[in-house]
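In case you want the letters, here they are:
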Amino acid sequence: MGFSHYDLSRMLFIILLFLMNSCMFSYGGNFLQEFDLTWGGNRVKIFNGGQILSLSLDKLSGSGFQSKKDYLFGRIDMQLKLVPGNSAGTVTSYYLSSQGPTHDEIDFEFLGNVSGEPYILHTNVFSQGKGDREQQFYLWFDPTKNFHTYSIIWKPQHIIFLVDNTPIRVFKNAESLGVPFPKNQPMKIYSSLWNADDWATRGGLVKTDWSKAPFTAYYRNFYAKNFSKSQFLDAKWQNQELDANGRRRFRWVQRNFMIYNYCTDYKRFPQGFPPECRKF
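Bear in mind that the values here come from a model prediction, so they are computed numbers and not experimental data.

### Let's talk about the sheet that holds strand β8 (residues 105–111)
In step 1: One open sheet holds the eight strands; their spatial order is β2-β5-β14-β7-β8-β9-β10-β16, and the pairing between them is antiparallel. Either end of the sheet is taken by a strand with one partner, and the two such strands are β2 (35–39) and β16 (258–261). Along the sheet, successive strands turn relative to each other by an average axial angle of 15°, direction set aside.
In step 2: In this sheet, strand β14 (residues 188–195) lies alongside strand β5 (residues 63–67) in antiparallel orientation, the contact comprising four bridges. The residue bridging Gly 64 from the neighbouring strand is Ser 192, located in β14.

Okay, structure coming up:
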């Protein structure tokens, strides 16, 4: 079936309008344009005209980078391929953060392990300088073999952590219970690869094997999307968390891959759990 000249023109107009709308609220792709290299010197390398970035760690230093832009709500995607082999003692971090003693922060941290043992994905949320809201997960794949996408959806009513578009954690706004929520401080994107063998692997029992250095992690396909003003005026959109498939995937991850949840740590909170735990 053919298309008339009018139909083709109309389709092209709709596609152009979609692309223009996407460009208004989307950023990303190029590490040379979007990020500053903050520490580690030549341990940070950028390839393919800004499409791929690597961080390395050796006995002298780790390395890191941060975004040029600040973000206040939106969706952030980054693809990572983690340090392979014996990565015990190393931490690859990827997070949003503001600055100062009352800073807000949304964390992904990947805790290395000895060869053959799984990485631990450590998540945390800070609001007004207070964190201690850890949830930890094993992954259902080897994160060192290929790139995988790690995402943060940050809205005024909740924060969703996703791995390959599968939700693993939802942190809800509990201001009604007196719990501060990150919603007023713009945050930059940070990432680093560093030595944390005093705590990262089995509580610090397993140390970094420097004979395996340098340790290297890779990044690509950064993408950031700000939400539009019309979305913020939509109460239904603000409160929308997960669809039916997302809820199923979320329960699957929480049931099979969560290994720590501060909201169920009786030894840590013998006098009662933090108030936001009532909402989960």
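From this point, things continue past the structure.
### Observations regarding the environment of Pro 167
In step 1: Its place among the elements puts Pro 167 in strand β13 (residues 166–172).
In step 2: The exposure class assigned to Pro 167 is buried, which follows from its relative accessible area of 4%.
In step 3: Every residue in contact with Pro 167, bar those within four places of it in the chain, is listed here: Ile 160, Phe 161, Leu 162, Leu 242, Gly 246, Arg 249, Phe 250 and Val 253.

### With respect to the pattern of salt bridges
In step 1: Per the stated rule, a full pass over the model turns up 11 salt bridges.
In step 2: Between Arg 43 and Asp 58 there is a salt bridge, and its shortest N-O distance comes to 2.9 Å. Of this pair, Arg 43 sits in the loop between β2 and β3 (44–47) while Asp 58 sits in the loop between β4 (52–57) and β5; the two residues are 15 residues apart in sequence, bridging distant segments of the chain.
In step 3: On the basis of relative accessible area, Asp 58 is assigned to the partly exposed category, the value being 22%.
In step 4: Residues Glu 134 and Arg 268 are paired through a salt bridge, measuring 2.7 Å at the closest nitrogen-oxygen approach.

### Side note on the state of the cysteines
In step 1: Applying the stated rule across the entire model yields one disulfide.
In step 2: What pairs with Cys 263 in a disulfide is Cys 277, and their sulfur atoms sit 2.0 Å apart. On the S-S bond that ties Cys 263 to Cys 277, the torsion sits near -80°, and the link is left-handed. Placement of the pair is Cys 263 in the segment after β16 and Cys 277 in the segment after β16, with a sequence separation of 14 residues. Here Cys 263 and Cys 277 have matching classes, each one buried.

### Description of the pairing of β4
Working note: regular strand, side chains alternate between the two faces of the sheet.
In step 1: Counting buried positions over the six residues of β4 gives six, a clear majority of the element.
In step 2: Here β4 shows no split at all, with Ile 52, Ser 54 and Ser 56 on one side and Leu 53, Leu 55 and Leu 57 on the other all buried.
In step 3: Note that β3 and β4 share four bridges and pair antiparallel. Considered in β4, the bridge of Ile 46 is made with Leu 53.
In step 4: One ladder, built from six bridges, connects β4 with strand β15 (residues 215–225); its direction is antiparallel. Residue pairing in the sheet places Ile 52 in a bridge with Arg 220 of β15.

### What about the packing of aromatic side chains?
Within a pair of aromatic rings, the relevant descriptors are the distance that separates the centres and the angle that separates the planes.
In step 1: In total, this model carries 21 aromatic pairs according to the counting rule given.
In step 2: Ring centres 6.3 Å apart and planes at 10° place the aromatic pair Phe 108 and Phe 110 in the stacked group. With respect to class, Phe 108 is no different from Phe 110; both count as buried.
In step 3: Each ring, one from Trp 252 and one from Phe 257, has its centre 5.0 Å from the other, and the planes form 70°; the classification is edge-to-face.
In step 4: Since its relative accessible area comes to 26%, Trp 252 is described here as partly exposed.
In step 5: Three or more aromatic residues joined by ring pairs form one cluster here, namely Phe 31, Phe 35, Phe 65, Tyr 219 and Phe 222.
In step 6: Taking the ring centre of Tyr 218 as reference, the NZ or CZ of Lys 81 above it sits at 5.8 Å.

### With respect to the side chain of Lys 188
In step 1: Summarising the element assignment, Lys 188 is placed in strand β14.
In step 2: With residues up to four places along the chain from it excluded, the contact list for Lys 188 reads Gln 66, Ser 67, Lys 68, Lys 69, Asp 70, Tyr 95, Leu 96 and Ser 97.

### Considerations on the pairing of β14
In step 1: Counting buried positions along β14 gives six out of eight residues, so the element sits mostly inside the fold.
In step 2: Bridge count between strand β7 (residues 90–97) and β14: eight bridges; the pairing is antiparallel. By the bridge assignment for β14, Tyr 94 is matched with Ser 191.

The rules behind these values
- Residues numbered from 1 in each chain as written.
- Predicted model: local features only at pLDDT ≥ 70, side-chain atom pairs only at ≥ 80, totals over all residues.
- Heavy atoms only, no water.
- Pairing = 2+ DSSP bridges.
- Helix = DSSP H or I, 4+ residues; strand = E, 2+ residues; numbered from the N terminus.
- Axes fitted to C-alpha atoms, helices over the stretch in contact; angles between N-to-C directions.
- Buried < 20%, exposed > 50% of the residue type's maximum accessible area, 1.4 Å probe, protein only.
- Contact = heavy atoms within 4.5 Å.
- Salt bridge = Lys/Arg side-chain N within 4 Å of Asp/Glu carboxyl O.
- Disulfide = S-S within 2.5 Å.
- Phe/Tyr/Trp six-rings, centres within 6.5 Å; stacked < 30°, edge-to-face > 60°.
- Lys NZ or Arg CZ within 6 Å of the ring centre and 35° of its normal.

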